[in-house]
Amino acid sequence: MATENTDFKQFEDEQNSDGYKVGEKKTVDEYKKLDAEDAALAKWKESLGLGSDVLPLEFPGDKRKVVIQKIQLLVNTESKPISFDLTNEQTIKELASKRYKIKENSIYKLRITFKVQHEIITGLRYVQYIKKAGIAVDKIDDHLGSYAPSTKTKPYYEVELPESEAPSGLLARGKYSAVSKFIDDDKTTHLTLNWGVEIVKK
């Protein structure tokens, strides 16, 4: 696990060296108080998803800003997606020891379902390192976008990552481990997952 942390430390150092500074953010309540009598500003806030129908927190005192609810692994050789319920702490813990089987040469992608609360999240990204037998074999860094807090009309967001093809051949088959993180422009890590797959023969 130490090498995985080193991989992400190197990634974060690269991101910090780009010189980009994120502007000061405001919470939903702070936005609501901005010139409450200004009709034009009220319309602008509505366009950002900061209207009166913002959903309450998942539970009182919940400090999370991005709540990853579910990840689905969609594989073209499977009739149903492989779903990870990330609202369950036990499921998250069990993911590290499980390996979901994917046939070689199959096409797969991830579908991520999440909720945003407290404030607008900018530059959300999905970063993942994949290893086989302790050796790094791939890195994914996908931009998911920027999102306003979830509302009654838009209770959650759903994003699909680009498709990938599973490797094939005797040397490619076997178990792969992955460590995935959801990171935003503030370098805040909203969730870290340890999980994996096993590439099997057709």
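Residues numbered from 1 in each chain as written. Predicted model: local features only at pLDDT ≥ 70, side-chain atom pairs only at ≥ 80, totals over all residues. Heavy atoms only, no water.

Named according to an unreviewed UniProt entry, the protein chain is Rho GDP-dissociation inhibitor originating from Maudiozyma saulgeensis. On record in UniProt, under Subcellular location (unreviewed entry), the comment for the protein chain is "Cytoplasm". Looking at the Sequence similarities (unreviewed entry) heading of the UniProt record, one finds this comment for the protein chain: "Belongs to the Rho GDI family." (UniProt positions renumbered as here; feature names shortened; annotations may be inferred.)

Novice: Whenever I open this one, the environment of His-190 confuses me. Can you help?
Specialist: Tracing the backbone shows His-190 in strand 10 (residues 189-200). Sequence-wise, His-190 and Ile-68 are 122 residues apart; in three dimensions their C-alpha atoms are separated by 8.3 Å. Side chain to side chain, His-190 and Asp-184 meet in a polar contact 2.9 Å long. (Helix = DSSP H or I, 4+ residues; strand = E, 2+ residues; numbered from the N terminus. Polar contact = N/O pair within 3.5 Å; in protein donor to acceptor, adjacent residues only side chain to side chain.)

Novice: Any chance you could explain the packing of aromatic side chains here in plain terms?
Specialist: Here the structure, examined in full by the defined rule, presents 6 aromatic pairs. A centroid spacing of 4.6 Å and a plane angle of 55° characterise the contact between Tyr-147 and Tyr-157, whose relative ring orientation is tilted. Taken together, the positions of Tyr-147 in strand 6 (residues 135-147) and Tyr-157 in strand 7 (residues 157-160) put the pair 10 residues apart, joining distant regions of the chain. For Tyr-147, a relative accessible area of 12% corresponds to the buried category. (Phe/Tyr/Trp six-rings, centres within 6.5 Å; stacked < 30°, edge-to-face > 60°. Buried < 20%, exposed > 50% of the residue type's maximum accessible area, 1.4 Å probe, protein only.)

Novice: Honestly, the side chain of Thr-113 in this entry has me stumped. Any pointers?
Specialist: On the secondary structure map, Thr-113 appears in strand 4 (residues 107-116). The buried category is assigned to Thr-113, whose relative accessible area is 6%. Dropping the residues within four chain positions of it, Thr-113 is found in contact with Val-67, Ile-68, Gln-69, Lys-70, Tyr-156, Tyr-157 and Glu-158. (Contact = heavy atoms within 4.5 Å.)

Novice: Even after reading the chapter, I still don't get the environment of Pro-149, so can you show me in this structure?
Specialist: Summarising the element assignment, Pro-149 is placed in the loop between strand 6 and strand 7. For Pro-149, a relative accessible area of 1% translates into the label buried. A C-alpha to C-alpha distance of 9.0 Å links Pro-149 and Val-66, two positions 83 residues apart in sequence.

Novice: Mind showing me how you'd approach the pattern of salt bridges here?
Specialist: Counted under the stated rule, the structure contains 8 salt bridges. Linking Asp-62 and Arg-64 is a salt bridge whose minimum nitrogen-to-oxygen distance equals 3.0 Å. Look at Arg-64 and you get partly exposed, because its relative accessible area is 36%. Across the pair Lys-109 and Glu-160 runs a salt bridge whose closest N-O atoms are separated by 2.7 Å. Note that Lys-109 is positioned in strand 4 and Glu-160 in strand 7, a separation of 51 residues in sequence. Overlapping salt bridges, with partners in common, bring together Lys-109, Arg-111 and Glu-160 in one network. (Salt bridge = Lys/Arg side-chain N within 4 Å of Asp/Glu carboxyl O.)

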